[in-house]
Amino acid sequence: MAFFERISAQRFLATEYTRGPWDAGAQHAGPPAALLGRAVEERPGARSDMRIARITYEILRPVPIGPVQITTKVLRGGRSTEVVEAELVPLGATAPVMLARALRIRVAEGADAVPAVVPGPELPPPGEVGVTPFFPVPWETGYHTAMETRFTQGAFMEPGPGTCWMRMKVPLIAGEETRPLDRVLVAADSGNGISAVMDFGRYVFVNSDLTVHLHRHPAGEWACVQARTSVDAAGIGLADAVLHDEKGPIGRSAQSLFVAPRS
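These remarks concern the structure in this document. The shown structure was predicted, so the numbers you read here are calculated from the model rather than taken from an experiment.

**Details of the packing of aromatic side chains**
At step 1: Overall, the coordinates contain ten aromatic pairs when judged by the stated rule.
At step 2: Relative to F156, the ring of F134 lies with its centre 4.5 Å away and its plane at 45 degrees, an arrangement referred to as tilted. With F134 in the loop between strand 6 (98-106) and helix 2 (143-146) and F156 in the loop between strand 7 (147-155) and strand 8 (158-168), this pair connects stretches of sequence that are 22 residues apart.
At step 3: Taken together through their ring pairs, the aromatic side chains of F3, W22, F134, F135, Y143, F151, F156, F200 and F205 make up a single cluster.
At step 4: Lying over the aromatic face of W22, R262 brings its terminal NZ or CZ to 5.2 Å of the ring centre.

**Description of the side chain of Q255**
At step 1: Take Q255: it is sitting in strand 13 (residues 248-261).
At step 2: The exposure class of Q255 is buried, given its relative accessible area of 1%.
At step 3: Separated by 2.8 Å, the side chain of Q255 and the backbone oxygen of D189 make a polar contact.

Definitions and limits used
- Residue numbers restart at each chain and count upward from 1, following the sequence in its written direction.
- Owing to the predicted nature of the model, reporting of local features is limited to residues with pLDDT of at least 70; listing and counting of side-chain atom pairs is limited to 80 or more, with chain, interface and lining totals taken over all residues.
- Excluded from the side-chain calculations are hydrogens and water; all other atoms, namely the structure's heavy atoms, are used.
- Whether two aromatic rings pair depends on their centres lying within 6.5 Å, for rings of Phe, Tyr and Trp, where Trp uses its six-membered ring; planes under 30 degrees apart make the pair stacked, over 60 edge-to-face, and the rest tilted.
- Each helix is a run of DSSP H or I of at least 4 residues and each strand a run of E of at least 2, with the numbering of both proceeding from the N terminus.
- Either the NZ atom of lysine or the CZ atom of arginine qualifies as a charge over a ring when it sits within 6 Å of the ring centre and within 35 degrees of the ring normal.
- Each residue is placed in one exposure class: buried if its accessible area under a 1.4 Å probe, protein chains only, is under 20% of its type's maximum, exposed if it is over 50%, and partly exposed if it falls in between.
- Under the rule applied, a polar contact is a pair of N or O atoms within 3.5 Å (in protein, one hydrogen donor and one hydrogen acceptor; residues adjacent in sequence only if both atoms are side-chain atoms).

Below you can see the structure in the form of structure tokens.
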């Protein structure tokens, strides 16, 4: 009952809860994104006075369900910032299928070292809206059954901008505490589905990347993705989202989209 089971310090077994809606053998990008983010934060020697301010994922090819290995390395270290790269490689493969590059920034000393500025309006909390069904998926178990979704605007099958509260029903790693950052990164890759502007049955709109910026460390069990999608006639799109927790806005996410008619 988790997205992953830990095999060793750097190896994990993806379970059927990671399964995405388009390919029975491939993961939704949300769970491996959270796993890579966790690896960046937990790597040996990681500084406790820094946190992720930006993390960009390159989804090089579908991430298969099965055993995977994650490695990390520091690309640039500094007094106030550092850049860390993490890669996910299926066991037995020689090349990564997903890469992450994270910018970590040193946290200012003292609770009120600088004045806090919180942009953006408040959203209706998840407790004020009902559960919204996922769009039809051809298999019983997957990401769609591991996540609870509650829309305050739009719906999966309603074209246009959408605002959706999301909560994990299962842990990221079996037997280990799920952290608020895990919850945000698991949800952030859903922006293009939440704000789909085209018919799922007629068009594909696949993201090959994901960038998450966080100005505040998330808190709580719920993450909200307030998303809008734009598409050019050339078949390139962008899903842009404001990210929230129950205390307010925490950052943004963006996905570049390949858009084409289904063959």
